[in-house]
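Topology and contacts: notes
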Amino acid sequence: MSPLRKAYARPLDLRQGRVEMAHGSGGRAMAQLIDELFASRLGSPFPGQGNDAAVLPAAVGRLVVSTDSHVVSPLFFPGGDIGCLSVNGTINDVAVMGATPLYLAASFILEEGFPLADLARIVDSMAQAATAAGVPVVTGDTKVVQQGKGDGVYITTTGVGVVADGDDWSGDRARPGDRIIVSGGIGEHGMAIMAQRESIGFATDIVSDTAPLHGLIAAMRASGADIHVLRDPTRGGVATTLNEIARQSRVGMMLQESALPLQPQVAAACEFLGLDPLYVANEGKLLAIVAGDDADRLLAAMHQHPLGQRAALIGSVHRDAQCFVQMSTCLGGRRIVDWLSSDQLPRIC
Amino acid sequence: MKFIDEFRDRELAGGLAAAIRQAARQQRDYHFMEFCGGHTHAIARYGVSDLLPANVHMIHGPGCPVCVLPIGRIDMAIRLAVDAGVILCSYGDPLRVPASGGLSLLRAKAALGGSGDIRMVYSAADALRLARENPQRQVVFFAIGFETTTPPTAVVIRQAQALGLKNFSVLCCHVLTPAAIASILESPRVRQWGSVRIDGFIGPAHVSTIIGSRPYEFFAAEYRKPVVIAGFEPLDVMQAILMLIGQVNAGRAVVENEFARAVTRDGNRKAQQLVAEVFELRRSFAWRGLGELPYSALRIRRAFADFDAERRFPVSYQAVPDHPACECGAVLRGARRPQDCRIFGSVCTPENPVGSCMVSSEGACAAHYSFGRFADAAVAP
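Residues numbered from 1 in each chain as written. Chains lettered and ligands numbered in written order. Predicted model: local features only at pLDDT ≥ 70, side-chain atom pairs only at ≥ 80, totals over all residues.

This part covers the overall build of chain B. Along chain B, the regular secondary structure elements total 15 helices and 13 strands. Compactness check: chain B gives a C-alpha radius of gyration of 21 Å against a globular reference of 21 Å for 381 residues, within 12% of the reference. If one aligns the C-alpha atoms of chain B with their principal axes, the spans along those axes are about 65 × 50 × 45 Å. Considering only residue pairs separated by 6 or more positions, chain B has 76% of its internal contacts joining residues 24 or more positions apart. (Helix = DSSP H or I, 4+ residues; strand = E, 2+ residues; numbered from the N terminus. Rg over C-alpha atoms; globule rule 2.2 N^0.38 Å. Contact = placed C-beta atoms within 7 Å.)

With that out of the way, let us pick up the overall build of chain A. Per the secondary structure count, chain A includes 8 helices and 13 strands. Against the 2.2 N^0.38 benchmark of 20 Å for 349 residues, chain A shows a C-alpha radius of gyration of 22 Å, consistent with a compact globule. Projected onto its principal axes, the C-alpha coordinates of chain A cover approximately 85 × 55 × 35 Å. For chain A, buried positions account for 48% of its 349 residues. (Buried ≥ 20, exposed ≤ 12 C-beta atoms within 10 Å, placed from the backbone.)

A word on the nonpolar core. By size, the foremost hydrophobic cluster in this structure holds 228 residues, and its most contacted members are Met126, Ile181 and Leu298 of chain A together with Leu171 of chain B. Filtering out sequence-adjacent residues up to four positions away, leucine 171 of chain B remains in contact with Met76, Ala77, Leu80, Val140, Phe142, Ala143, Ala309 and Glu310 of chain B. (Core = buried A, V, L, I, M, F, W, Y, C linked by C-beta atoms within 7 Å.)

Before going further, it helps to spend a moment on the sheet that holds strand E8 (residues 227–229) of chain B. Consider a sheet: its strands pair through backbone hydrogen bonds, and that pairing is either parallel or antiparallel. Residues and elements named next belong to chain B. A sheet is described by the order of its strands in space; here 5 strands give the open sequence E2-E1-E7-E8-E9, paired in parallel fashion. Looking along the sheet, the strands with just one partner apiece sit at the ends: strand E2 (56–63) and strand E9 (255–257). Between one strand axis and the next, the sheet turns through 25° on average, direction left out of account. Bridge count between strand E7 (residues 200–203) and E8: 3 bridges; the pairing is parallel. Each bridged residue has a counterpart across the sheet, and for phenylalanine 201 the counterpart in E8 is valine 227. (Pairing = 2+ DSSP bridges. Axes fitted to C-alpha atoms, helices over the stretch in contact; angles between N-to-C directions.)

Residue and element names in this part refer to chain A. Taken in spatial order, the 4 strands line up as E1-E6-E4-E5 in an open sheet, and their pairing is mixed. In this open sheet, the two strands that pair with only one neighbour each are strand E1 (62–70) and strand E5 (137–145). Averaged over all adjacent pairs, the angle separating strand axes in this sheet is 15°, with direction ignored. Strand contacts of helix H3 (residues 116–133): strand E4 (100–111), E5 and strand E6 (153–163), with the helix running at about 175° to E4, the strand carrying the most contacts.

What follows deals with the interface of chain A and chain B. Each partner contributes to the interface: chain A provides 27 residues, whereas chain B provides 42 residues. When contributions to the side of chain A that touches chain B are tallied by element, the ones reaching two or more residues are helix H7 (264–273) and strand E13 (334–336) of chain A.

All names here are of chain A. Direction vectors running N to C along helix H1 (residues 28–42) and H3 enclose 15°, while the axes themselves pass 9 Å from each other. Relative to H3, the element H1 is oriented roughly parallel. In this structure, H1 meets H3 at a crossing whose hand is right-handed. Across from Leu37, Phe38, Arg41 and Leu42 in H1, the residues of H3 making contact are Leu116, Leu119, Ala120, Val123, Asp124, Met126 and Ala127. (Parallel < 35°, antiparallel > 145°, perpendicular 65-115°, else oblique. Left-handed = near helix turned anticlockwise from the far one by under 90°.)

Residues and elements named next belong to chain A. Split by domain assignment, chain A resolves into domain 1 (21–51 + 59–163) and domain 2 (179–336). Computed from C-alpha atoms alone, the centre-to-centre distance between domain 1 and domain 2 is 27 Å. In this assembly, 18 residues from domain 1 lie in contact with 20 residues from domain 2. Those elements that provide at least two residues to the side of domain 1 that touches domain 2 are helix H2 (82–95) and E4. By residue number, the principal contributor to the side of domain 1 that touches domain 2 is H2, which donates 8 residues. When its residues are assigned to classes, the side of domain 1 that touches domain 2 shows 11 nonpolar, 6 polar and 1 charged. (Domains from an automatic or database assignment. Nonpolar A, V, L, I, M, F, W, Y, C, P; charged D, E, K, R; others polar.)

Quick look at the environment of phenylalanine 304 of chain B now. Looking at the element boundaries, phenylalanine 304 of chain B is found in the loop between strand E13 (298–300) and helix H13 (309–312). Residues within four places of phenylalanine 304 of chain B in sequence aside, it is in contact with Ile157, Gln161 and Val278 of chain B.

Bringing the domain arrangement of chain B into the picture now. Often, the extent of an interface is quoted as the loss of accessible area upon association of its parts. Residues and elements named next belong to chain B. One can read the domain layout of chain B as domain 1 (5–61 + 177–257), domain 2 (71–174 + 293–312) and domain 3 (328–370). Look at where the C-alpha atoms of domain 1 and domain 2 centre, and you get two points 33 Å apart. Listed as interface residues are 8 residues of domain 1 and, on the opposing side, 7 residues of domain 2. Breaking the side of domain 1 that touches domain 2 down by element, the ones donating at least two residues are helix H7 (177–186) and helix H9 (206–211). Classifying every residue of the side of domain 1 that touches domain 2 by side-chain character gives 5 nonpolar, 3 polar and no charged.

Below, the discussion takes up helix H15 (residues 364–372) of chain B. The buried fraction of H15 of chain B is high, at 9 of 9 residues. Buried within H15 of chain B we find Ala364, Cys365, Ala366, Ala367, His368, Tyr369, Ser370, Phe371 and Gly372 of chain B. Contact partners of the buried residues in H15 of chain B: E13 of chain A together with helix H2 (37–46), E2 and helix H14 (328–332) of chain B.

Bringing the packing of H2 of chain A against H3 of chain A into the picture now. All names here are of chain A. For the pair H2 and H3, the least separation of the axes is 6 Å and the interaxial angle reads 35°. Taken as a pair, H2 and H3 cross one another with a handedness that is right-handed. Seen from H2, the contacting residues are Ile82, Gly83, Cys84, Ser86, Val87, Asn88 and Ile91; seen from H3, they are Ile122, Val123, Ser125, Met126, Gln128, Ala129, Ala130 and Ala133. Of the residues contributing to the contact of H2 with H3, the split by class is 10 nonpolar, 5 polar and no charged.

On to the pairing of E4 of chain A. Residue and element names in this part refer to chain A. Both E4 and E6 contribute to a ladder of 10 bridges, which runs antiparallel. Looking at E6, one finds that tyrosine 103 is bridged to valine 160. When E4 meets E5, the two strands line up parallel, connected through 8 bridges. The residue of E5 that forms the bridge with glutamate 111 is valine 145. After leaving E4, the chain enters H3 and then returns to the sheet as E5, a path that is right-handed. (Right-handed = clockwise from strand over helix to strand, strands pointing away.)

Residues and elements named next belong to chain B. Counting buried positions along strand E6 (residues 168–174) yields 7 of 7 residues, so the element is predominantly enclosed. Note: strand E5 (residues 139–145) against E6, 7 bridges, orientation parallel. Looking across to E6, one finds that phenylalanine 142 is bridged to leucine 171. In this fold, E5 hands off to helix H6 (residues 150–163), which returns the chain to E6; that crossover is right-handed.

Bringing the environment of arginine 41 of chain A into the picture now. Residue and element names in this part refer to chain A. Mapped onto the elements of the fold, arginine 41 is located in helix H1. Remark: the alpha-carbon pair of arginine 41 and serine 125, spanning 84 residues in sequence, is separated by 9.4 Å. Those residues within four positions of arginine 41 in sequence are excluded, and the remaining contacts are Val123, Asp124 and Ala127.

Before going further, it helps to examine helix H3 (residues 71–82) of chain B. Residues and elements named next belong to chain B. The terminal C-alpha atoms of H3, which comprises 12 residues, lie 16 Å apart, in line with the 16 Å expected from a rise of 1.5 Å per residue. In terms of residue burial, H3 counts as a mostly covered element, since 10 of its 12 residues are buried. Here H3 has its buried residues at Ile71, Arg73, Ile74, Asp75, Met76, Ala77, Ile78, Arg79, Leu80 and Ala81. (Expected span 1.5 Å × (residues − 1).)

Listed below in structure tokens is the structure:
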């Protein structure tokens, strides 16, 4: 008696293959892409895989949900890629609300012709980041757009977490007398990306800081310090994030330029291009606004964590009806640290 | 950072500030114009004004390359991209300068969708590279700037000729610093009426590395105005202010060079020769704020006519009046401060610039808005 014949299917060609329109049209090709490229790598521990939605146990506490679309060029950069970025970015958005991140959903928009090998690398990187963070990807979606209508891969991730009652960290809670802490060197992600753009092409060893921050945040909570606001200063950098908080809380802020942690190579690259590191994106840093008396305790706790070793007190909160974020400059003068107005453009002179 | 931090040192700044306070005579005021946007930026970015005594006043000059670009010139660049269908390459700053019809290069790009091709480049060499990579497309480099950015433009024009490129040309809008200084000193406000007082100039940093300090000697001698050439770091600016006060107090008017680490009296001879080989003086050129100035700008010589976008494409300059409420012209002449303009910070903001001075962070209005407006009388938040 002959054994059952194995279902005939040619496996995905992960070396030479490319994304085709069929991979998004709902047929067998799509099922194969999901099975062989996504599910096998992101392997969710939950039953009922293959359904239209993930079914998860109810959580205790209040739910926190955040969603973020990732469109980065280049897709691979020193220190990471769009895959781990899309996992860490959303974990951080959930975690800065004081929540424990539990699950992620991921949605991919793929451009026809995109190499499957690159896609596999990206999904591997997501899986690795999700495993390291202990936050599984439990459901997802793929769509394919025609060549020229996308930028290789766009990834949207949605994160769900729970926050205990009593932890009310929110952008409107900064109060006069609070102190401002940043968890480490600023501008590293943005400058790592910038240095990779072909039109600039300068050699540097700047590496993106992409990292999940919920471990650091747990250590901060454990310190018992009275934290009022946490936020990760991604797009628009530290300057823009502080302006958002100042407006939400109706307060002013004063930063000390000399206290800003800044890697020398980031400072040099910014200098070279005429950019201000305060406006350059971070992907693994947070800003904490904490009751003035608790600042030292919080800082000490952060210094104990690998992601907070270079945490620094950078300023304080005061009353200001105009909600200006200002800075005492390295020279001893004073300036506004304004909202970012459109993109930072390199200066001519 | 080595060779940078030394020029931003707080202690040295404190020492210089004390020396300036001591040198400045209490019974008089000092009005100095910093010519360059680079100086304007440094003063605002580092809060240099906070370290100066109340009787030392800084007036922002016209040396911001995108600020002096008239609307009609941006219109020409847009027409090249839209009507002639070229790949239009521009430095970053000019992309946001307002043009006619509510457009700017950035807005024109957005409005054109996939068909228009306006690209930001970091150097003239990038534009040349694009031309080589796209032999089937015409590529135009929108060349703007003072003497600092002119030699690189000359280099790519020569390279394009050597390569025999048929698809590369330059929309030349290079302007000359001495012409702008002369225009300010000759203006009735300064010369006859004295309504704008200028006791001396902080002379250009990067421009002077090319042209040297010699061209300013005429201004010092003819108009009796001291000139101190200074670097773009905040301590350079403070040192220059101290030197200017010294000259004014002593009744001297000469050219001094604070930026001796980069500027010589004769400048960069090789760059000057290169520029002279490729460019010649325009009979007249329209500046925003300063109007038509004779022999104040460069055009491409006939020997390189193939690479002159104004000859290759049917575009010509058409003067367009500035927005009636915009005071950029008076700001560029030093006659008004940014915060004196009626639309400053209300209608005209960095997000929606009405005038060119609100565009680049070197522009007087943008610098004051982004760094210094906390010092203005409180406005409704």
